[in-house]
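Listed below, chain by chain, are the residues.
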Amino acid sequence: MAYEAVIGIEIHVQLNAATKMFCDCPNRPGDDPNTNICPICLWLPGAVPRFGLETLEKAIQACLALDCEVQPRSAFDQKVYYYPDLPKGFQLSQHHMPLARGGWIEIMDEKGEPKKLRVHHVHMEEDVAKLVHETEGRTPVSLVDFNRAGTPLIEIVTEPDMRSPHDAMEFLKVLRTQLRYTGCAECSLEQGTMRCDANISLRPEGSSRLNTKVEVKNMNSIQHVGNAIAYEIKRQTESLMKNDPIVLHTRLWDPEKHMTTAMRAKFAGPCIPDPTVSHILITDDWLRQMAAKLPEMPNQKVKRFVQQYDLMHDEAVQMSSEREVSEYFEAVVGLGTSPRTAANWIVAQLLPAIKEHGYAFSTSPVTARRLAGVITLLEKNEINSGSAKSVLAKLFETDQPPEEIVDRFGFRQVSDVQALALIVDQVISDNASAVENYKNGNKKSIGFLVGQAMNVSKGKANPKFLQEILREKLT
Ligand SMILES: [Zn+2]
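It should be emphasised that the depicted structure is a prediction, and the values quoted were computed from it without experimental measurement.

Colleague: Quick question: what am I supposed to make of the overall build of the chain here?
Modeller: If you tally the helices and strands in the chain, you get 15 helices and 17 strands. Here the C-alpha radius of gyration of the chain, 29 Å, is well above what a compact globule of 475 residues would show, namely 23 Å. Over its C-alpha atoms, taken along the principal directions, the chain stretches across nearly 90 × 60 × 55 Å. Every one of the 475 residues in the chain was classed for burial, and the buried ones make up 35%. Considering only contacts within the chain whose residues lie at least 6 apart along the sequence, 70% involve residues at least 24 apart.

As structure tokens, then:
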């Protein structure tokens, strides 16, 4: 029997509000342990939580970016469980009355067709403390760091619309892009500012039933999510083939062993309405103000880039994947360079160079002017594309504008026909057999001869001119 996978995911996103959710402590979990704490986020008896407006604004922006319906009234519940990372015995979360319902994200499926994946709801939640297990030394101990306690989170719960690891990975990529655009969160699985749990079940293909699911946690990159889901589909298929029933439980992804392993069940208590935090009432008027603050979102930007700059769809997607990159692209184009050349240079040269050398990506007008300068020199034929790459590399090392780098390091392209003709003469006399091949009809030899001439010119010749002169002299 053929099975199909039914996958839903739950994503915790840490909002980058300046303070924690219910107190004024800095929202910086990575600081020295237990430095950003107060009676409220230590959950001392009698401390009263005060819900912060910035958390609400950022949470709402995230909901609007996902096309969710923000609820006019939402409220916090106490999610009851006891664990050393939660000494007060409950976590403030929204269970009965979440902040927003519905919403969707569009991805491209494996066939390249657009596919809508629905969001079930979005709710707010405070994070718990962090346990640090010290295993070195005579007595292993577990320590509690409260810097993370009370950090503002939203949890995005999807409908079980995904059918493959591809769907889940694409969902996460688009989600990350959209949330980063709003500026409300960093969304890094690697850094822990985004955490993802996947629920996976199988059913006979064509059935609409929802079977017992297995939850998988502990995936620290989008690739891990894909690998864990693929593993779990295979494991559950094998179980069903052997007539072993699937039991509801939680598993952990082990990236080293490349498998999921069963995890001890955690006690899940009830969710009871919290009496200390007021209900959150949102008016249409305020919601409109929040919507007006949203930037142009990536899918709108892709459409505009295709229309306004004549980019191919894929180029427009690449130029819109990060808000900073898109703004940089428009700054470079605004300086008069051809949009497609600018897009190709940013994708093929600038971003890889930044990644390879670990340069900080700066979208400042100065750097945009410099890249535009390199592209303009290239378009005016003053440098060739090989030199342009060298000039780009030098831009990261010096403070000089591209024109000065070109002069200082002698990158200016030789387009002087007489000078090039001398080089061509030398190459023809030095490479008799390639010349012979060319004359005998092997047209590819011209590429070899141009390469030789480029070497003689130390990479500075205009390759188009070289080829023209060679053809002329060899006929
Ligand atoms: Zn605090």
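Colleague: Would you mind going over the nonpolar core with me for this structure?
Modeller: Among soluble globular proteins, nonpolar side chains are generally buried collectively. The biggest cluster of nonpolar side chains holds 54 residues, and the ones touching the most others in it are Val13, Ala62, Cys63, Val122, Ala168 and Ala198. Not counting the four nearest positions on each side in its chain, Ala168 is found in contact with Ile7, Ile9, Met162, Ala198, Val225, Gly226 and Ile229. Formed by 28 residues, the second largest nonpolar core is a distinct cluster that contains Ala368, Leu395, Val406 and Phe411.

Colleague: Explain unusual backbone geometry here, please?
Modeller: Apart from glycine, the bulk of residues carry a negative phi angle, and the bulk of peptide bonds sit in the trans form. Non-glycine residue Asn243 carries a positive phi angle of around 65°. Positive phi outside glycine occurs at Asp310, with the angle close to 65°.

Colleague: What am I meant to see in the domain arrangement of the chain here?
Modeller: It is common to report an interface's size as the accessible area lost on association of the parts. The domains assigned to the chain are domain 1 (3-286), domain 2 (296-408) and domain 3 (417-474). Each of domain 1 and domain 2 has a C-alpha centre, and these two points are 36 Å apart. Per element, the largest residue contribution to the side of domain 1 that touches domain 2 is four residues, and it comes from helix α2 (residues 165-182). Residue composition of the side of domain 1 that touches domain 2, by class: two nonpolar, two polar and two charged.

Colleague: So what exactly am I meant to see when it comes to the pairing of strand β1 (residues 3-14) here?
Modeller: Looking down a regular strand, the side chains alternate between one sheet face and the other. Bridge count for β1 against strand β12 (residues 194-204) is 11 bridges, and the pairing is antiparallel. Bridging across to β12, Val13 finds its partner in Met194. By the bridge criterion, five bridges tie β1 to strand β11 (residues 152-158) in an arrangement that is antiparallel. Among the inter-strand pairings, Val13 is bridged to a residue of β11, identified as Ile154.

Colleague: What is the right way to look at the environment of Ala292 in this model?
Modeller: You can see Ala292 is positioned in helix α4 (residues 284-293). In this structure, the C-alpha to C-alpha distance between Ala292 and Glu10, residues 282 residues apart in sequence, is 28 Å.

Colleague: For this particular structure, what's the right way to read helix α8 (residues 339-357)?
Modeller: Every α-helix carries 3.6 residues per turn, so stepping three or four residues along brings you back to the same face. Compared with the 27 Å implied by 1.5 Å per residue over 19 residues, the 25 Å span of α8 between its first and last C-alpha is a close match. The sharpest bend along α8 measures roughly 40° and falls at Ile346. Each element contacted by the buried residues of α8 is listed here: α6 (313-320), α7 (323-334), α9 (365-379) and α10 (385-397).

Colleague: Please clarify how the packing of helix α13 (residues 432-439) against helix α14 (residues 445-456) should be interpreted in this entry.
Modeller: The relative placement of two packed helices comes down to the angle between their axes together with the axis-to-axis distance. Relative to each other, α13 and α14 sit at 145°, their axes nearing to 9 Å. Judged by the twist between their axes, the crossing of α13 over α14 is left-handed. Contact residues: Ala434, Asn437 and Tyr438 in α13; Ser445, Ile446, Phe448 and Leu449 in α14.

Colleague: In this structure, what is going on with the packing of α7 against α9? I would like to understand it.
Modeller: With their axes 8 Å apart at the nearest point, α7 and α9 run at an angle of 55° to one another. Our classification of the angle between α7 and α9 gives oblique. Judged by the twist between their axes, the crossing of α7 over α9 is right-handed. For the pair α7 and α9, the contacting residues are Tyr328, Ala331 and Val332 in the first and Pro365, Ala368, Leu371 and Ala372 in the second. Taken together, the residues of the contact of α7 with α9 sort by class into seven nonpolar, no polar and no charged.

Colleague: Teacher, can you tell me more about the pairing of strand β4 (residues 77-80) here?
Modeller: As judged from the four bridges shared by β4 and strand β5 (residues 90-93), these two strands associate in the antiparallel manner. Each bridged residue has a counterpart across the sheet, and for Asp77 the counterpart in β5 is Ser93. Judged from the three bridges that link them, β4 and strand β16 (residues 271-273) form a sheet pairing that is antiparallel. The residue of β16 that forms the bridge with Asp77 is Pro273.

Colleague: Which parts of the structure should I look at to understand the environment of Glu238?
Modeller: Counting through the fold element by element, Glu238 comes out in helix α3 (residues 222-241). Using a count of 10 C-beta atoms within 10 Å as the deciding quantity, one classes Glu238 as exposed. Separated by 140 residues in the primary sequence, Glu238 and Leu378 place their C-alpha atoms 58 Å from one another.

Colleague: I'm lost on the environment of Val225 in this one. Help?
Modeller: Within the element layout of this structure, Val225 appears in helix α3. Assessed through the 25 C-beta atoms surrounding it within 10 Å, Val225 is described here as buried. Here the alpha-carbon distance between Val225 and Met169, two residues 56 residues apart in the chain, equals 6.8 Å. Sequence-distant contacts of Val225, defined by excluding residues within four places in its chain, comprise Ala168, Met169, Leu172, Cys196, Ala198 and Met219.

Colleague: Whenever I open this one, helix α5 (residues 298-309) confuses me. Can you help?
Modeller: Here α5 contains 12 residues, and its C-alpha end-to-end distance of 15 Å stays within 8% of the 16 Å for a straight helix at 1.5 Å per residue. Those residues of α5 that fall on the buried side of the exposure criterion are Pro298, Lys301, Val302 and Phe305. What you see down the axis of α5 is that its buried residues fit within an arc of 105°, all on one side. In α5, the exposed positions angled more than 90 degrees off the buried face are occupied by Gln300 and Gln307.

Cut-offs and rules
Starting from 1, residues in each chain are numbered consecutively following that chain's sequence as written. Reporting in this predicted model follows two pLDDT cut-offs: at least 70 for local features of residues, and 80 or more for side-chain atom pairs to be given and counted; totals over whole chains, interfaces and linings ignore these cut-offs and use all residues. Each helix is a run of DSSP H or I of at least 4 residues and each strand a run of E of at least 2, with the numbering of both proceeding from the N terminus. It is over C-alpha atoms that the radius of gyration is taken, and the globule rule equals 2.2 Å times the number of residues to the power 0.38. To sort residues by exposure, count the other C-beta atoms lying within 10 Å of each residue's C-beta; 20 or more gives buried, 12 or fewer gives exposed, and values between give partly exposed, all with C-beta atoms placed from the backbone. Throughout, a pair of residues is in contact if the C-beta atoms placed from their backbones lie within 7 Å. For this entry, the nonpolar core is defined as buried Ala, Val, Leu, Ile, Met, Phe, Trp, Tyr and Cys residues connected by C-beta atoms within 7 Å. Domain start and stop positions are those given by an automatic or database domain assignment. Residues are grouped as follows: Ala, Val, Leu, Ile, Met, Phe, Trp, Tyr, Cys and Pro are nonpolar; Asp, Glu, Lys and Arg are charged; all remaining types, including Gly, are polar. Here, any two strands with at least 2 DSSP bridges between them count as paired. By this rule, a helix spans an expected 1.5 Å times one less than how many residues it contains. One fitted axis covers the seven residues ending at a residue, a second covers the seven starting there, and the bend at that residue is the angle between these axes. Comment: axis = line fitted to C-alpha atoms, over the contacting stretch for helices; angle = value between 0 and 180 degrees taken between N-to-C directions. Helix crossings get a hand from a simple test, with the near helix turned counterclockwise from the far one by less than a right angle marking a left-handed crossing and a clockwise turn marking a right-handed one. Any angle that falls under 35 degrees is termed roughly parallel, while one over 145 is termed roughly antiparallel, one within 65 to 115 roughly perpendicular, and all others oblique. By construction, the arc corresponds to the directions joining the helix axis to the C-beta atoms.

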